Amino acid sequence: MKNRTWIMLALLLSVTVLLFASCSKQTVKADLQDVKDQAKQEPKQAAAASAPAPAPAPVVMKAPEPVGPSAEELAAKAKAAALKTLANEDVFFDFDSAVLSDAAQEVLKNKSAILGKYSGVSVTIEGHCDERGTNEYNLALGERRAESAKKFLVSLGVNASRLKTISYGEEKPVDAGHDEAAWSKNRRAHFAAD
Amino acid sequence: MAYFRIILLSLVAVVISLTGPAVTLAGYDYIDINSPFLRKIPIAVPLFKIKAESISSSDKQLSGRGSDMLSGMLDFTGYFKMLDRESFLEDSLKADTAAQNIDFHNWTAVGAELLVTGEFQLRGDVFEIELRLFDTIKSSQLIGKKYTTGVNDLRDVMRRFSGEIVYYLTGNRGVFESRIAFVSNGTGSKEIYICEFDGINTRPFTRNKAITLFPAWSSDGKWIAYTSYLKGKPDLYISNVNDGSTSVVSNKGINITPAWVPGKFELAATLSYSGDQHIYLMTGNGKVIKKLTNGWGSDVSPSWSPDGKKMAFVSSRTGTPQVYVLNIESGHTERLTFTGRYNTQPSWSPKGDKIAYSGMNGGRHNIYVIGLDGKDPVQLTRNGGDNESPSWSPDGSLIAFSSTREGPSRIYVMTSHGTDQRRLLAISGEQTNPKWSP
């Protein structure tokens, strides 16, 4: 008797859950569709629709939101952030040197990890110099800087075909100043995703 | 050269030697251009006399412009001390211009050892001018020339007569037919420009709207090679000065610092397609003939000896950039500079006995000149910003260079002994990489 009651209750519960589940799926779809349509027509209304207060749907309906497109979005976001790091973190050098310091190697290891994760990404490594040398020699030095960054990445397992190099010598300083603060920023290998 | 030849051919120029005490041998002993203690010869260039019934304002203007031009060109050489017209005792607009009627005491009294007289006649758009050079101490005429040409060619006449004067006094035609190529960023990107020897008549040579650097003249003045990022990377361009036809050397890596072999349609340049940065010999069309330098480090900035048998260049093979000399035939390379840790931009003198370069000392670049024995480099610039990119005038008497002594980088000229340093031109933007034409 007790057992039968439990079984009945369990069945009832599972049917209810199933009903709710299928029902919520449809509603969510309709809800998302709704938002998209509104977004097309009137951005302000779309913002209002996505706000939590006026949503008439029951609390249960909110649960499935993070599935599907959101994961992709997250991944895209993470990739964008990684590529930004790749481009924003320059590798710095000493005057008249293309030798990679410990700090420079750390930056490059980080880049190697990013490039390892995103195998579809190719980059151009730009070699730059400060204004103090003469521009003929600096054009050569810039190339050596870009090449030493490239060699290090290849040694860490990045495929050389994904790494292009170009030298700008002293022609494209990132800081136009005429002091060591500016020069140290300009003696760099800069990464740009292709 | 060719550019000026065309202009001169278009002149209706009649040049005849004017009668006067016959001087057949030039007096090369007047000026020894090799002397570092050159004494400037005091010279008087009074206003040119006008031959006319009534003198018009256009007569006066032409007289003033002509004599000022000649003065400016002579002054540019660094050989002369130009005397102030205010001090002259003679009214040159009235005084006779031929030797027999000149009172030379009036010129020696104001300190002049040389005197130039001019007398011209304007007939519509054509003018006739007689120009003479005198030795006031010997009371004798040294040169006499008569030119008939259009008023628009006044500058060409003055350039030619300046050439006659300098040739008579030094045995060398001087710089008056030469030009200077340089880089300027006035339009927002670095481009190559060309001006006449004295900074007059600047015109753009490239309009690439991309970083453009390192102009190099062929020894016949018909070609300029340079590096440009026109296609996004540093490629080598070889352009005909007259018709603009261009070939491109676009190897992987850098294609930079061209230098023409004297007397040949061949050039050296730094290429890195092999993975190392070495200097290669190429045809004028950009085909590699052979590799000229080897070893570790960067090799850039070739500069040929006038006989084409040796090539100076910069190498970082010992850790710092230094100037080396390669003997082409033997393949033997010798290091030239030992003082300082940053010696670049070698420029071989037209006489062949010296190499100018920029050396860094105390964080500043200055121009030095060194003999081929590599001993005792002489510093020519000091106390004024960075001084870079020396380039000899074709007669070896002057050196053009860039300097930041007034703030932005500009082109300057000095004598080969470092005297008479002055700015060549004032145009917008910053100017670098001057290269004097043959």
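Quick notes on the rules
Residues numbered from 1 in each chain as written. Chains lettered and ligands numbered in written order. Predicted model: local features only at pLDDT ≥ 70, side-chain atom pairs only at ≥ 80, totals over all residues. Heavy atoms only, no water. Helix = DSSP H or I, 4+ residues; strand = E, 2+ residues; numbered from the N terminus. Buried < 20%, exposed > 50% of the residue type's maximum accessible area, 1.4 Å probe, protein only. Contact = heavy atoms within 4.5 Å. Areas by Shrake-Rupley, 256 points an atom, 1.4 Å probe, with all protein chains shown as cover. Axes fitted to C-alpha atoms, helices over the stretch in contact; angles between N-to-C directions. Parallel < 35°, antiparallel > 145°, perpendicular 65-115°, else oblique. Left-handed = near helix turned anticlockwise from the far one by under 90°. Buried area = accessible area lost by both parts, 1.4 Å probe. Salt bridge = Lys/Arg side-chain N within 4 Å of Asp/Glu carboxyl O. Polar contact = N/O pair within 3.5 Å; in protein donor to acceptor, adjacent residues only side chain to side chain. Nonpolar A, V, L, I, M, F, W, Y, C, P; charged D, E, K, R; others polar. Phe/Tyr/Trp six-rings, centres within 6.5 Å; stacked < 30°, edge-to-face > 60°. Lys NZ or Arg CZ within 6 Å of the ring centre and 35° of its normal. Pairing = 2+ DSSP bridges. Right-handed = clockwise from strand over helix to strand, strands pointing away. 1 Å grid on protein atoms, 1.4 Å probe; cavity = no way out; pocket = protein on both sides within 12 Å on 5 of 7 lines; lining within 4 Å. Points joined across faces, edges and corners; volume = space filled by probe spheres on them. pLDDT = per-residue confidence, 0-100.

## As for the overall build of chain A
Here is step 1 of the chain: From N to C terminus, chain A includes six helices and four strands.
Here is step 2 of the chain: The order of helices and strands in chain A, counted from the N terminus, is α-α-α-β-α-β-α-β-α-β.
Here is step 3 of the chain: Taken over 194 residues, chain A has a buried fraction of 35%.
Here is step 4 of the chain: Long-range contacts, defined as pairs at least 24 residues apart, comprise 74% of the intrachain contacts of chain A with a sequence gap of at least 6.
Here is step 5 of the chain: Within the structure as shown, chain A displays about 11,900 Å² of accessible surface, and the carbon and sulfur contribution to it stands at 62%.

## Focus: the packing of helix α2 (residues 57–77) of chain B against helix α4 (residues 154–170) of chain B
Residues and elements named next belong to chain B.
Here is step 1 of the chain: Packing of α2 against α4 leaves a shortest axis separation of 9 Å and a crossing angle of 40°. Viewed along their axes, α2 and α4 adopt a mutual orientation that is oblique. You can see that α2 and α4 cross each other, and the crossing is right-handed. The segment α2 lies against α4, with L62, R65, G66, M69, L70, M73, L74 and T77 engaging L154, R155, M158, R159, F161, S162, I165 and V166.

## Thoughts on the interface of chain B and chain A
Here is step 1 of the chain: Listed per partner, the contact involves 31 residues of chain B and 18 residues of chain A.
Here is step 2 of the chain: Interface area, chain B with chain A, both sides summed: about 1,900 Å², of which 58% is carbon and sulfur.
Here is step 3 of the chain: It is Y229, Q277 and Y342 of chain B that lose the most area in chain B upon contact with chain A, and together they represent 24% of the buried surface on that side.
Here is step 4 of the chain: Note that E171 of chain A is salt-bridged to K190 of chain B, the shortest N-O span being 2.9 Å.
Here is step 5 of the chain: Summed over the shared surface of chain B and chain A, the number is 12 residue pairs in polar contact (both at pLDDT 80 or more).
Here is step 6 of the chain: Of all the elements in the fold, those that place two or more residues in the side of chain B that touches chain A are β11 (212–217), β15 (255–260), β19 (299–304), β23 (343–348), β24 (354–361) and β27 (387–392) of chain B.
Here is step 7 of the chain: Taken together, the residues of the side of chain B that touches chain A break down into 12 nonpolar, 16 polar and three charged.

## Some details on the packing of aromatic side chains
Aromatic ring pairs are described here by two measures, namely the spacing of the ring centres and the angle between the planes.
Here is step 1 of the chain: Evaluation of the coordinates by the stated rule reveals 18 aromatic pairs over all chains.
Here is step 2 of the chain: Measuring from ring centre to ring centre gives 6.3 Å for F205 of chain B and Y226 of chain B, while their planes differ by 85°; the resulting arrangement is edge-to-face. Here Y226 of chain B lies in strand β12 (residues 223–228) and F205 of chain B lies in the loop between β10 (203–204) and β11, a separation of 21 residues in the sequence. Comparing F205 of chain B with Y226 of chain B shows no difference in burial state: the two are buried.
Here is step 3 of the chain: Taken together, the aromatic side chains of F95 and Y137 of chain A together with Y342 of chain B make up a single cluster linked through ring pairs.
Here is step 4 of the chain: Directly above the aromatic system of Y168 of chain A lies the positively charged group of K172 of chain A, at a separation of 4.3 Å from the ring centroid.
Here is step 5 of the chain: The cationic tip of R405 of chain B hangs over the ring face of Y412 of chain B; the distance from NZ or CZ to the ring centre is 4.9 Å.

## Details of the pairing of strand β2 (residues 123–128) of chain A
Each regular strand carries side chains that alternate between the two faces of the sheet.
All names here are of chain A.
Here is step 1 of the chain: Summarising burial for β2: six of the six residues are buried, a large majority.
Here is step 2 of the chain: Alternating residues of β2 divide into V123, I125 and G127 and T124, E126 and H128, and every residue in both groups is buried.
Here is step 3 of the chain: Where β2 meets strand β3 (residues 163–169), six bridges bridge the pair, whose relative direction is parallel. Paired with G127 across the strands is S167, a residue of β3.
Here is step 4 of the chain: On the question of chirality, the crossover connecting β2 to the parallel β3 by way of helix α5 (residues 135–155) is right-handed.
Here is step 5 of the chain: The pairing of β2 with strand β4 (residues 188–193) spans five bridges and is classified as antiparallel. Across the sheet, residue G127 finds its bridge partner in β4, namely A189.

## Remarks on empty space enclosed by the protein
Here is step 1 of the chain: Per the counting criterion, the structure on display carries two cavities of 30 Å³ or more.
Here is step 2 of the chain: A volume near 50 Å³ is recorded for the largest cavity.
Here is step 3 of the chain: Taken together, F95, D96, C129, D130, G133, N138, L141, R145 and R187 of chain A together with Y342 of chain B form the lining of the largest cavity.
Here is step 4 of the chain: Tallied by class, residues from the lining of the largest cavity come to four nonpolar, two polar and four charged.

## Points about the sheet that holds strand β18 (residues 288–291) of chain B
All names here are of chain B.
Here is step 1 of the chain: Strand order in this open sheet of four strands is β15-β16-β17-β18, and the pairing throughout is antiparallel. What marks the edges here is a single partner per strand, and that holds for β15 and β18. The sheet shows a mean angle of 30° between the axes of neighbouring strands, direction not considered.
Here is step 2 of the chain: Here strand β16 (residues 266–271) runs beside strand β17 (residues 278–283); their pairing, made up of six bridges, is antiparallel. Counterpart to L267 in the pairing with β17 is M282.

## Description of the pattern of salt bridges
Residues and elements named next belong to chain B.
Here is step 1 of the chain: Taken as a whole and assessed by the stated rule, the structure comprises 26 salt bridges over all chains.
Here is step 2 of the chain: Between D68 and R85 there is a salt bridge whose closest N-O contact spans 2.7 Å. Here D68, found in helix α2, pairs with R85, found in the loop between β4 (80–82) and α3 (105–108); they are 17 residues apart in sequence, far enough to count as distant.
Here is step 3 of the chain: In this structure, E196 engages R155 in a salt bridge whose closest nitrogen and oxygen atoms are separated by 2.6 Å.

## What to know about the environment of F191 of chain A
All names here are of chain A.
Here is step 1 of the chain: Secondary-structure assignment places F191 in strand β4.
Here is step 2 of the chain: Overall, F191 belongs to the buried group, its relative accessible area being 1%.
Here is step 3 of the chain: Along the primary structure F191 and S122 are separated by 69 residues, whereas in three dimensions their C-alpha atoms are 10.0 Å apart.
Here is step 4 of the chain: F191 has contacts with L86, A87, D90, V91, L108, K111, V123, T124, I125, A149 and L153, leaving out every residue within four places of it along the chain.

## Brief notes about the confidence of the model for chain B
All names here are of chain B.
Here is step 1 of the chain: Model confidence for chain B is summarised by a mean pLDDT of 91, while 92% of its residues fall at 70 or above.
Here is step 2 of the chain: Within the model, pLDDT remains below 50 along residues 1–16, and this stretch shows 35 contacts once partners closer than five positions in the same chain are excluded.
Here is step 3 of the chain: Of the regions scoring below 50 in pLDDT, residues 19–24 engages in six contacts with residues more than four places distant in sequence or in other chains.

## Quick look at the packing of helix α4 (residues 102–117) of chain A against α5 of chain A
Residues and elements named next belong to chain A.
Here is step 1 of the chain: At a minimum axis separation of 10 Å, α4 and α5 run at an interaxial angle of 55°. Taken together, the axes of α4 and α5 are oblique relative to one another. As α4 runs across α5, the sense of the crossing is right-handed. Touching Q105, L108, K109, K111, S112 and L115 of α4 are A149, F152 and L153, all from α5.
Here is step 2 of the chain: When the residues that make up the contact of α4 with α5 are grouped by side-chain class, the tally is five nonpolar, two polar and two charged.

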